[in-house]
Amino acid sequence: MRIKRVLCWMAVSALCLGACSNAADTGTTDGAAGTPAATTAETAAPETTAPETTAPETTVPAETPGSVTVTLPVASRENGVITAEEWSEMFPEIYASYMANADNSESIDHVKEYPQIAILYEGMAFNQYYNSARGHVYTLEDIQATGRPHPLANCLTCKTPDYTALVNATGVEAYKLEFDEVMAQIDEPVSCYNCHGNEANTGKLVVTHQYLTDAMGSEIGNVDPDVLSCAQCHNEYYFDPETKATTLPYNGIDAMHPDAILAYYNEMGFADYTNPRTGTKMIKVQHPEFETYMGQDSFLKTTGETCADCHMGKVESETGVTYSSHEWTSPLQNEALIENSCKTCHDGVQLKETVEFVREIQEQVEGRTIKIADDLVALTEALAAAVESGDYTEEELDAIRAVNRDAQFYWDFVFVENSEGAHNSKLSNYCLDQAETLCAEAMGMFK
């Protein structure tokens with residue numbers, strides 16, 4: 001069973017999703033716990049007409065000894081980003097849960113776990129250095145430790161709010177800055193600003209990444225803010241060849257389907273890397289959780305379940321404060337999360353059967369993914385041999401390369417999506433069907 005799927009990076013940009021407290025701007029709190037009083041706040045992306053929703057509330061015991069005043073934090077750094085630590089006095093419980101992400105410290109070497117990718121990703125550094133993500137508090141540490149080279153700062157797009165603020169302040173030119181130059185100026189891992197801007201005290205969810213707003217256009221208001229928040233980083237993206245800007249390969253919800261995304265890339269002739277032995281110009285899919293969730297036949301989307309519903313449980317502190325946990329994890333790994341979240345729709349035997357059902361989906365999708373990876377390896381080796389043989393014209397080779405490229409795209413869309421079919425099993429199996437069919441088609445093109 002793929003280890004990476006159960007790690008908590010499934011909610012990368014849900015960082016402070018739905019602050020469990022919706023304090024008024026006065027910073028007045030009820031009770032000695034120092035937690036702002038619960039109010040209803042509008043949750044919306046900036047400059048959009050995202051639907052209003054009630055942000056997760058913080059409740060305090062009915063009998064509280066009076067009110068205390070907590071001063072709203074002020075950014076101490078020049079870039080103006082209020083850090084998670086600076087919010088900690090106002091939201092001590094949330095901050096503690098956020099820091100609990102440090103417990104997710106294990107990293108798995110996917111190249112050892114899946115030796116096929118040493119061949120399938122040949123031509124880019126992922127075929128040598130591809131580790132599972134750890135807790136969000138490790139984002140800066142891990143991007144510096146990876147063996148993959150980072151010439152430009154655009155690799156920091158979803159690693160730190162400091163870079164997000166820099167892009168928002170300076171525009172697309174920030175994407176062309178050197179990685180080392182920018183890295184020397186930042187020190188905050190993914191945190192509150194990514195999802196709330198500097199308005200965590202209001203409970204508002206803020207789309208801080210302009211590329212998501214650009215890609216969704218007028219339809220951004222049709223997506224729940226609790227999903228949009230995560231969608232800022234859990235998506236399929238590419239770096240524009242000219243501007244180097246982080247860009248999503250679609251415009252609007254209908255264009256988020258894998259078929260449309262592949263057509264988008266093929267039309268522009270985009271490639272992330274070229275396999276040196278086959279000459280195939282490949283697309284390296286990133287982590288398309290958003291596109292998968294929003295895809296056709298998505299059960300979770302149809303039922304209205306959001307990222308926060310499944311990955312951020314409600315917790316009650318020892319002092320009686322109820323808040324949304326900001327320790328992001330898989331519900332399959334967290335019994336408390338299953339109890340508090342899944343039970344809203346499932347209970348008793350039904351709940352147990354639901355968990356088993358999800359695991360069965362994952363085992364089925366994982367099994368197919370590994371098998372098709374082996375098929376793609378066979379295709380890659382056959383194509384490399386054909387190139388080496390000299391028995392094929394360049395036109396014949398290009399025809400095989402085109403099918404090879406499409407087949408691997410569909411496979412990769414599932415392999416790197418991190419839920420192993422749990423987010424949308426029908427779409428995952430559709431992609432695997434396409435990959436399997438195209439792989440067989442390419443194998444039939446050899447002499």
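Bear in mind that the values here come from a model prediction, so they are computed numbers and not experimental data.

Enquirer: Before we go on, may I ask you to explain the overall build of the chain in this structure?
Expert: In terms of regular secondary structure, the chain is built from 18 helices and nine strands. The buried share among the 447 residues of the chain stands at 55%. Taking all contacts inside the chain whose residues are at least 6 apart in sequence as the whole, residues at least 24 apart take part in 73%. Here the chain has roughly 18900 Å² of accessible surface; of this, 51% comes from carbon and sulfur atoms.

Enquirer: Please clarify how the state of the cysteines should be interpreted in this entry.
Expert: Between two cysteines, a covalent bond joining their sulfur atoms is known as a disulfide. Applying the stated rule across the entire model yields one disulfide. The side chain of cysteine 158 participates in a disulfide bridge whose partner is cysteine 233; the two sulfur atoms lie 2.0 Å from each other. Since a negative S-S torsion denotes a left-handed disulfide, the cysteine 158-cysteine 233 link at about -95 degrees is left-handed. One end of the pair, cysteine 158, is in the loop between α5 (139-145) and α6 (161-170); the other, cysteine 233, is in the loop between α10 (225-231) and β4 (238-239), and 75 residues separate them in sequence. Under the relative-accessibility criterion, cysteine 158 is labelled buried at 15%. Looking at cysteine 233, the relative accessible area reads 5%, which means it is buried. Distance from the sulfur of cysteine 307, which forms no disulfide, to the nearest cysteine sulfur (cysteine 230) is 3.6 Å.

Enquirer: Any chance you could explain the packing of helix α11 (residues 258-268) against helix α17 (residues 394-415) here in plain terms?
Expert: The geometry of a pair of packed helices is captured by two quantities: the angle between their axes and the separation between those axes. It is at 11 Å that the axes of α11 and α17 come closest, and there the two elements cross at 135 degrees. With respect to α17, the axis of α11 lies oblique. Relative to α17, the crossing made by α11 is right-handed. For the pair α11 and α17, contact is made by Pro258, Asp259, Ile261, Leu262, Tyr265 and Asn266 and by Arg405, Asp406, Phe409, Tyr410 and Phe413, respectively. In the contact of α11 with α17, the residues fall into seven nonpolar, one polar and three charged.

Enquirer: Would you take a moment to explain the nonpolar core for this structure?
Expert: As a rule of thumb, soluble globular proteins bury nonpolar side chains together. Ranked by size, the top nonpolar core spans 79 residues in total, and within it Tyr121, Leu156, Leu212, Met216, Phe290, Phe409 and Trp411 carry the most contacts. Ranked by residues supplied to this core, first place goes to α17 with ten residues. Look past the residues within four positions of phenylalanine 290 in its chain and what remains in contact with it is Leu212, Met216, Val223, Val227, Ala231, His234, Asn235, Tyr250 and Met256. In terms of nonpolar packing, the next biggest core, distinct from the first, is built from 16 residues, Ile82, Ile94, Ala200 and Val321 among them.

Enquirer: I tried to follow the packing of aromatic side chains on my own but got confused; where do I start?
Expert: Working definition: an aromatic ring pair is given by the centre-to-centre distance plus the angle between the planes. Taken as a whole and judged by the stated rule, the model has 20 aromatic pairs. Centre to centre, the rings of tyrosine 392 and phenylalanine 446 are 6.3 Å apart; their planes meet at 85 degrees, and the pair counts as edge-to-face. Of this pair, tyrosine 392 sits in the loop between α16 (348-389) and α17 while phenylalanine 446 sits in the segment after α18 (425-443), placing them 54 residues apart in sequence. Like phenylalanine 446, tyrosine 392 is buried. What links up through ring pairs into an aromatic cluster is the set Tyr114, Tyr121, Phe126, Tyr130, Trp411 and Phe415. One residue, arginine 148, lies across the ring of phenylalanine 126, its end atom 3.9 Å from the ring centre. A cation over an aromatic ring shows up here: lysine 284 above the ring of phenylalanine 126, its NZ or CZ 4.8 Å from the ring centre.

Enquirer: Looking at this model, I keep getting lost on the pattern of salt bridges. Mind explaining?
Expert: For side chains bearing opposite charge, pairing can occur when the charged atoms are close. In this structure the tally under the stated criterion is 14 salt bridges. Arginine 401 is paired through a salt bridge with aspartate 398; the nearest N and O atoms lie 2.7 Å apart. Of this pair, arginine 401 and aspartate 398 both sit in helix α17, separated by three residues, roughly a single helical turn. The exposure class of arginine 401 is buried, given its relative accessible area of 10%. In the salt-bridge network here, residues are joined through shared partners; they are Arg368, Lys371, Asp375, Asp433 and Glu436.

Enquirer: Honestly, the side chain of asparagine 418 in this entry has me stumped. Any pointers?
Expert: Secondary-structure assignment places asparagine 418 in the loop between α17 and α18. Accessibility expressed as a relative area gives 0% for asparagine 418, which makes it buried. A distance of 3.0 Å separates a polar atom in the side chain of asparagine 418 from a polar atom in the side chain of glutamate 289. A distance of 2.9 Å separates a polar atom in the side chain of asparagine 418 from the backbone oxygen of valine 416.

Enquirer: Help me understand the environment of glutamine 232, please; the structure alone is not making it clear to me.
Expert: Among the structural elements, glutamine 232 can be located in the loop between α10 and β4. Engagement of the side chain of glutamine 232 in a polar contact is seen with the backbone nitrogen of histidine 209, the distance being 3.1 Å.

Enquirer: I keep staring at α18 and nothing clicks. Help me out?
Expert: Every α-helix winds through 3.6 residues per turn, so residues three or four apart in the chain are directed the same way. The end-to-end C-alpha distance of α18, which contains 19 residues, comes to 27 Å, matching closely the 27 Å that a straight helix rising 1.5 Å per residue would cover. Inspection of α18 places Leu427, Ser428, Asn429, Cys431, Leu432, Ala435, Leu438, Cys439 and Ala442 among the buried residues, and these make up the whole buried set. Its buried side turned inward, α18 meets α11, α12 (289-293), α16 and α17.

Enquirer: It is not clear to me how helix α2 (residues 92-99) should be interpreted in this structure. Could you clarify?
Expert: Within α2, burial applies to Glu93, Ile94, Ser97 and Tyr98. The buried side chains of α2 occupy one side of the element, clustering within an arc of 140 degrees when seen end-on.

Thresholds, definitions, all that
- Each chain carries its own residue numbering, running from 1 in the direction its sequence is written.
- Predicted model: local features are reported for residues with pLDDT of at least 70 only, side-chain atom pairs are reported and counted for 80 or more only, and whole-chain, interface and lining totals are derived from all residues.
- Only hydrogens and water are set aside when side-chain values are computed; all heavy atoms of the structure are taken into account.
- Runs of E in the DSSP output that reach at least two residues are strands. Runs of H or I that reach at least four are helices, and both are numbered from the N terminus.
- Residue burial is assigned from relative accessible area. The probe radius is 1.4 Å, only protein chains are included, and a residue is buried under 20% of its type maximum, exposed over 50%, and partly exposed in between.
- Contact criterion: two residues are considered in contact whenever any of their non-hydrogen atoms come within 4.5 Å of each other.
- Working definition of accessibility: Shrake-Rupley area with a 1.4 Å probe, residue cover restricted to the visible protein chains.
- Two cysteine sulfurs form what is called a disulfide whenever their separation falls within 2.5 Å.
- Note on definitions: angles span 0 to 180 degrees between N-to-C directions of axes, and those axes are lines fitted to C-alpha atoms, for helices only across the stretch in contact.
- Any angle that falls under 35 degrees is termed roughly parallel, while one over 145 is termed roughly antiparallel, one within 65 to 115 roughly perpendicular, and all others oblique.
- Here a crossing is called left-handed whenever its near helix is offset anticlockwise from the far helix by less than a right angle, and right-handed whenever the offset is clockwise.
- Note that Gly is not counted as nonpolar here; it falls among the polar residues with everything else outside the nonpolar set of Ala, Val, Leu, Ile, Met, Phe, Trp, Tyr, Cys and Pro and the charged set of Asp, Glu, Lys and Arg.
- We call a set of buried residues a nonpolar core when its members are Ala, Val, Leu, Ile, Met, Phe, Trp, Tyr or Cys and they connect through side-chain atoms within 4.5 Å of each other.
- Ring geometry is summarised as follows: Phe, Tyr and Trp rings, the Trp one being its six-membered ring, pair when their centres sit within 6.5 Å, and such pairs are stacked at plane angles under 30 degrees, edge-to-face over 60 and tilted between the two.
- Any Lys NZ or Arg CZ found within 6 Å of a ring centre and within 35 degrees of that ring's normal is scored as a charge over the ring.
- In what follows, salt bridge is the name for a side-chain nitrogen of Lys or Arg lying within 4 Å of a carboxyl oxygen of Asp or Glu.
- We call two N or O atoms a polar contact when they sit within 3.5 Å, provided that within protein one can donate a hydrogen and the other can accept it, with sequence-adjacent residues counted only if both atoms are side-chain atoms.
- To estimate how far a helix should reach, multiply one less than its number of residues by 1.5 Å.
- The arc in question is formed by the directions pointing from the helix axis toward the C-beta atoms.

Nothing here speaks to function; it is all geometry.
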